[in-house]
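The primary structure of each chain is shown beneath.
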Amino acid sequence: MPGHEDSAAPVPVGNPYLAVILAWALPGAGHAYLGRWPRAIAFSALVIATLAIGYFLDGRLPWTFSGPPLSVLATFGCLGSGAPPIALHLSLGYEGTVEAAGYEYGSAFILTAGLMNLLLLLDAWDISKGRKP
Amino acid sequence: MSHFLLMVVYAALVSSFLSLLWRRGAREQSLLFLRIFVGMVGGGLALAWLMYSFPAGPPAP
């Protein structure tokens, strides 16, 4: 019954641009802004935990905006998790320690945290537009 | 931390994230979590087993 489907369809909530900016700036903040608190807390914990493990393993936090294309791509991938990696780099000067035993693993964790959060931007956009519940 | 433990932790984090992102409902999320987790850890072990027959390279400096 068409009327029934319309009433059950997700409705747009919030400003999608603000949701995406918040979701990028702080993992989970976009979902919190949209009122999805349980998901916001879970996503925030997962992304921050992934980034923290990478940090404690001394993984690489690339900070290359020109030069080898893959390094630039890795930089933008890692910066996908917003303020935390930027704060790590700007306040602590963190870049990772290539001699550390966990360097390669840590780099994978840090990059994965960024890519996870980039997926959250798309999810926040879809929720805000009413495409997802 | 051992290589295996790191692989398991990584697989658990990624599986949790993707199952929460792509599924609604605890049952569907648990099923997807198991599929991704077993795929990643099992795939990693299978790849390691296949590579075991290849000769090791020179020792790291």
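Located above this text is the structure these notes cover.
About the thresholds
- Numbering of residues begins from 1 in every chain and follows the order in which that chain's sequence is written.
- Whichever chain is written first becomes A and whichever ligand is written first becomes 1, with later ones labelled in order.
- Thresholds applied to this predicted model are a pLDDT of at least 70 for local features of residues and 80 or more for the giving and counting of side-chain atom pairs; totals over whole chains, interfaces and linings are not thresholded and use all residues.
- Helix numbers and strand numbers start at the N terminus; a helix is a DSSP run of H or I with at least 4 residues, a strand a run of E with at least 2.
- With C-beta atoms placed from the backbone, the exposure class of a residue follows from how many other C-beta atoms lie within 10 Å of its own: 20 or more, buried; 12 or fewer, exposed; in between, partly exposed.
- Remark: residues whose backbone-derived C-beta atoms lie within 7 Å of one another are considered to be in contact.
- Gly falls in the polar group here, along with every residue not listed as nonpolar (Ala, Val, Leu, Ile, Met, Phe, Trp, Tyr, Cys, Pro) or charged (Asp, Glu, Lys, Arg).

Draft legend 1. Fine view of the overall build of chain A. A count of helical and extended segments in chain A gives seven helices and zero strands. Listing the helices and strands of chain A from first to last along the sequence gives α-α-α-α-α-α-α. In terms of overall dimensions, chain A has a C-alpha envelope of 65 × 30 × 25 Å along the principal axes. Looking at chain A residue by residue over its 133 residues, the buried ones come to 41%. In chain A, 70% of the contacts between residues at least 6 apart in sequence involve partners at least 24 apart.

Draft legend 2. Fine view of the interface of chain B and chain A. Taken together, the ten residues of chain B in the interface contact 15 residues of chain A. The residue makeup of the side of chain B that touches chain A, split by class, is eight nonpolar, one polar and one charged.

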